[in-house]
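Chain residues, written in single-letter form:
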Amino acid sequence: MKISIVGTGYVGLVSGVCLASKGHDVICVDVDQQKVAKINAGQPPIFEEGLEALLQSVIGRKLSATVDLASAVKATEVTLIAVGTPFDGNHIDLTFIEQACRQIGAAIAQQEKYHLVVVKSTVVPGTTDGIVLTTLQQCSGRKAGRDFGVGMNPEFLAEGVAIRDFMNPDRIIIGGIDQRSQQTLRQVYACFPDVPVMETNTRTAEMIKYASNSLLATLISFSNELANLSVTLGGIDCTEVMKGVHLSEYLSIRQNGKSIPAKITSFLNPGCGFGGSCLPKDVKALVAQGRQHGQPMNLLDQVIKINQGQPERMIEILMRHMPELQGRTIGILGLAFKEGTDDMRESPAIPIAKALLQRGACVLGYDPIAMNEARHRMPEGTIFATDLDQVIQDADAMMLITRWDEFRNLPQILQDLGRPDLLLIDGRRLIDKQAVENYDGIGLS
Ligand code: UGA
């Protein structure tokens, strides 16, 4: 099929490259001329495992990029909208969605043939059959359902493994305002014959996305609330508690006498909190939508509050060992919000560094991938280490924030560098507590 995709952020670009590699003819559209030039030169503007190789295999053949949205729409049968939907504290900002719809509508006005417009961006329930549909109608002078279709197709890509997730989806949600929209959208995904497909209306599709991310966030905050009580009570390691919980038949399967944990258990672990561009934003947006409609979302409200408290928990643990932080150098291991990405949005490393700086500590940050990004995002005053060894040599204590593989060898590296007694506060409980002499972490008392 001929598909245009508006927005070349990580959702748009990953979707474009993957759909092109599945045989579709894809045109990626972005307002940023520099991004477009990079993509056309086979250079992805973001870091994502496997993206560069896949882009280079399709660019100029099955995929091209342009700033000319109208021509891209006219040259294709389906347009996917994958622009950003930032959260401004009260609601998600639909400016980019509206802008895209106005331009797509104007392009539809110029053509006779049926065109399907699909929202891929995460938008609160009621957006697609509301502002999207009406803007398209107004700007095209055509009627939705009769002259063009409208769909909603949420994405479930986790950063760092987005290519793998797109190529091996767990589900495909086809939201549409009518059967024709759904059928056309189904054809886009006909190249994934063995994947469960669910057809529904656009509002339900929108809610499925929020429900999925809110569940993950809830499991994390649930684990963290238990971790915090375990510490208060004393004598309980909450990581062990959660391991015991994972063994339940609801969360593991037994094979050859072994218990294999389900993937969901990777969200049931104590830690310094969730970050990224999705979980915090999506939960806040749903809470805000509930508030606006007179339906308080008490549980999800607490999910956010618990998460916001976790960075301070890290400081409390550190101060149990080091009551005076003034003038001490604290190494922060991992600045990205999670491993496998250079994305620092809402990373717990940011509030943790701020809290340390406020208490007069010197913050020495290190990340194997996100150093460039960190230079704009970390609070002023942060010093950046050239490598892990420098942190170990210069720090008075270290806090582990991101589950990078490189950090798994810390016990050995501490020995090798002659600093076996350096204090490590493990915000992800990545390291075996017995393997480091001076160890503490979230959920440990
Ligand atoms: C998340 C979802 O996992 C994807 O399914 C979804 O498609 C995506 O949002 C999206 O909406 O686009 P992502 O934000 O890339 O993906 O990251 P996750 O792997 O979910 O991790 C989110 C945060 O939770 C990270 O900061 C991670 O460190 C943290 N986390 C994870 C915990 O604090 N505790 C845990 O037990 C697990």
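Remember, predicted model here, so these are calculated numbers, not experimental data.

Taken as a whole and judged by the stated rule, the model has 21 salt bridges. Here D170 and R171 are joined by a salt bridge, their closest N and O atoms 3.2 Å apart. Exposure remark for R171: the relative accessible area of 29% places this residue in the partly exposed category. Put simply, R377 and E373 hold a salt bridge, and the shortest N to O gap is 3.2 Å. With R377 and E373 both in helix α14 (residues 371–377), this residue pair falls 4 residues apart, about one helical turn. The class of R377 is partly exposed, set by a relative accessible area of 38%. The network of salt bridges with shared partners includes D237, E240, R429 and K433.

Moving on, we come to the side chain of T79. Turning to its location among the elements, T79 is positioned in strand β4 (residues 78–81). With near-sequence residues (within four places) excluded, T79 lies in contact with S4, V6, V73, I104, H115, L116, V117 and V118.

What the 6 strands build is an open sheet, ordered β13-β12-β11-β14-β15-β16; its pairing is parallel. Of all the strands in the sheet, just β13 (383–384) and β16 (439–441) have a single pairing partner and so form its edges. In this fold helix α12 (residues 298–321) packs onto β11 (329–333), β14 (397–400), β15 (423–426) and β16, with an angle of close to 155 degrees to the strand it touches most, β15. Sitting on the sheet, helix α13 (residues 349–358) is in contact with β11, β12 (362–366) and β14, with an inclination near 180 degrees to β11.

This part covers the site of the ligand. Close to the ligand lie 23 residues; E159, K209, N213, F337 and R428 are nearest. With respect to the ligand, the backbone of F337 contributes an N or O atom lying 2.8 Å from an oxygen atom. When isolated, the ligand has an accessible area of 730 Å², and the protein chains bury 89% of it. Considering each element in turn, the shell around the ligand owes the most residues, 4 residues, to helix α9 (residues 202–233).

Quick look at the sheet that holds strand β5 (residues 115–119) now. Judged by pairing direction, the sheet is mixed, and its 8 strands sit side by side in the order β3-β2-β1-β4-β5-β6-β7-β8 without closing on themselves. Every interior strand has two partners, whereas the edge strands, β3 (63–66) and β8 (197–200), have only one. Across the sheet, the mean angle separating the axes of adjacent strands is 25 degrees when strand polarity is ignored. Relative to β3, strand β2 (residues 25–29) runs parallel, the two sharing 4 bridges. Bridged to C28 within β3 is A65. Together, β1 (2–6), β4, β5 and β6 (148–152) form the strand contacts of helix α5 (residues 95–109), whose direction differs from that of β4 by roughly 170 degrees.

Rules used in this analysis
Residue positions are counted from 1 within each chain, in the order its sequence is given. In keeping with the model being predicted, local features are shown solely for residues with a pLDDT of at least 70 and side-chain atom pairs are shown and tallied solely at 80 or more, while totals for entire chains, interfaces and linings include all residues. To get the side-chain values, all heavy atoms of the structure are used, and hydrogens and water are removed first. Salt bridge, as used here: a side-chain nitrogen of Lys or Arg that lies within 4 Å of a carboxyl oxygen of Asp or Glu. Each residue gets one of three labels from its accessible area relative to the maximum for its type: buried under 20%, exposed over 50%, partly exposed in between, using a 1.4 Å probe on protein chains only. Each helix is a run of DSSP H or I of at least 4 residues and each strand a run of E of at least 2, with the numbering of both proceeding from the N terminus. Only heavy atoms enter the contact rule, under which two residues are in contact if any of them lie within 4.5 Å. Paired strands are those between which DSSP finds at least two bridges. Simply put, an axis is a line fit to the C-alpha atoms, just over the touching stretch for a helix, and the angle between two N-to-C directions goes from 0 to 180 degrees. Whether a residue is near a molecule or strand depends on its heavy atoms: if one lies within 4 Å, it is near. For this analysis, a polar contact is any N or O atom pair within 3.5 Å, provided that within protein one partner can donate a hydrogen and the other can accept it, and provided that sequence-adjacent residues contribute only side-chain to side-chain pairs. Values of accessible area rely on a 1.4 Å probe in the Shrake-Rupley scheme; residue burial ignores everything except the protein chains shown.

Note that all results are geometric; they support no functional claim without further evidence.
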